[in-house]
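Summary of structural features
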Amino acid sequence: MAATAELRLLEKSLGLRKGNKYSAQGERQTPVLQTNNGPSLTGLTTIATHLVKQANKEYLLGSTAEEKAVVQQWLEYRITQVDGHSSKEEIHPLLKDLNSYLEDKVYLAGYNFTLADILLYYGLHRFIENEFLKTRGFSTWDSFRRRKILLWWIFIIKHSFPVETTPSQNTLLFYTC
């Protein structure tokens, strides 16, 4: 999913009115938001953080200094580790790492749902969705069945942060998990 599409979905999920003008620049299609009151904002996490603040939902950025740092860490992880991968084979080691990290957590920042969960969910969605649709389950990723990453995935879905799927795809996601 393109970063501009993710930002539109985030905007909708946060209850913000439509009207922001997004574009993409450069070879990597870095998102740009033209603001009404100042300079353009560049970059997925910069714009997403701005939208969270605009929606007065700053709790999504973390509530303590440590939690804020963890959120920033995972936002950076999304950009540096997840973006740019194009196959499940490339993403498989990242999923193993994420699964290990989530062993004693519900969400990336512990027990609180944050912007990091939303953006990592959006970033991983194309890999997980494609695997579900192709095999009707994690048949090639059976080692992930009943693991923390799937529980995390279900918790994120229950927060109703939309992705661009058809109703049958969403049913398949719930059914398979």
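In this text, all values refer to a predicted model and were calculated from it rather than measured experimentally.

Definitions and cut-offs
- Residues numbered from 1 in each chain as written.
- Predicted model: local features only at pLDDT ≥ 70, side-chain atom pairs only at ≥ 80, totals over all residues.
- Heavy atoms only, no water.
- 1 Å grid on protein atoms, 1.4 Å probe; cavity = no way out; pocket = protein on both sides within 12 Å on 5 of 7 lines; lining within 4 Å.
- Points joined across faces, edges and corners; volume = space filled by probe spheres on them.
- Nonpolar A, V, L, I, M, F, W, Y, C, P; charged D, E, K, R; others polar.
- Phe/Tyr/Trp six-rings, centres within 6.5 Å; stacked < 30°, edge-to-face > 60°.
- Buried < 20%, exposed > 50% of the residue type's maximum accessible area, 1.4 Å probe, protein only.
- Helix = DSSP H or I, 4+ residues; strand = E, 2+ residues; numbered from the N terminus.
- Lys NZ or Arg CZ within 6 Å of the ring centre and 35° of its normal.
- Pairing = 2+ DSSP bridges.
- Contact = heavy atoms within 4.5 Å.
- Axes fitted to C-alpha atoms, helices over the stretch in contact; angles between N-to-C directions.
- Salt bridge = Lys/Arg side-chain N within 4 Å of Asp/Glu carboxyl O.

1. A short note on empty space enclosed by the protein
As enumerated under the stated definition, the model contains one cavity of 30 Å³ or more in all. There is about 40 Å³ of room inside the largest cavity. Around the largest cavity sit W74, Y77, V82, L94, L95, L98, L120 and L124, which together line it. Of the residues in the lining of the largest cavity, the class split is eight nonpolar, no polar and no charged.

2. Digging into the packing of aromatic side chains
As enumerated under the stated definition, the model contains seven aromatic pairs in all. Measuring from ring centre to ring centre gives 5.6 Å for Y107 and F113, while their planes differ by 70°; the resulting arrangement is edge-to-face. The class for F113 is buried, based on a relative accessible area of 10%. Summarising the aromatic geometry, the rings of Y121 and W153 are spaced 4.4 Å apart at their centres and angled 45° between planes, so their arrangement reads as tilted. One end of the pair, Y121, is in helix α5 (residues 115-135); the other, W153, is in helix α6 (residues 148-158), with 32 residues separating them in the sequence. Note on accessibility: Y121 and W153 belong to one class, buried. Put simply, the rings of Y121, Y122, W152 and W153 touch in pairs and so form one group of aromatic residues. In this structure, K105 packs its charged tip against the face of Y101, placed 4.3 Å from the ring centre.

3. Notes on the layout of surface pockets
In this structure, the largest pocket occupies an estimated 470 Å³ of space. Considering the residues around the largest pocket, the lining is formed by 23 residues, among which A3, R28, Q29, R78 and D83 are closest to the centre. Of all the elements in the fold, those that place two or more residues in the lining of the largest pocket are α1 (3-13), β2 (30-34), α3 (65-82) and α5. In the lining of the largest pocket, the residues fall into nine nonpolar, eight polar and six charged. Taken together, R8, L9, E11, K12, L16, K18, G19, N20 and Y22 form the lining of the second largest pocket.

4. Examining the pairing of β2
Summarising the sheet, strand β1 (residues 21-25) and β2 pair through five bridges and their orientation is antiparallel. Residue pairing for β2: Q25 is matched across the bridge by T30. Where β1 folds back on β2, the antiparallel hairpin that results is connected by four residues, among which G26 adopts a positive phi of roughly 80°. Sheet topology places β2 next to strand β3 (residues 41-42); two bridges connect them, and they run antiparallel. Each bridged residue has a counterpart across the sheet, and for V32 the counterpart in β3 is T42. What sits between the antiparallel neighbours β2 and β3 is a turn of six residues.

5. A few points about the sheet that holds β2
Spatially, the three strands line up as an open sheet ordered β1-β2-β3, and their pairing is antiparallel. Of all the strands in the sheet, the pair left with one neighbour each is β1 and β3. With respect to the sheet, α1 is in contact with β1 and β2, its orientation differing from that of β1 by roughly 155°.

6. Notes on the packing of helix α2 (residues 44-54) against α3
At their nearest, the axes of α2 and α3 sit 10 Å apart, and the two run at 145° to each other. Residues L44, T45 and T49 of α2 touch α3, and the partners they reach there are L75, R78 and I79. Tallied by class, residues from the contact of α2 with α3 come to three nonpolar, two polar and one charged.

7. Some points on the pattern of salt bridges
Tallied over the full model, the rule gives three salt bridges. In this structure, K105 and D104 form a salt bridge, with 2.6 Å as the shortest nitrogen-oxygen distance. Shared partners join several salt bridges into a network, and the residues in it are E6, R78 and D83.

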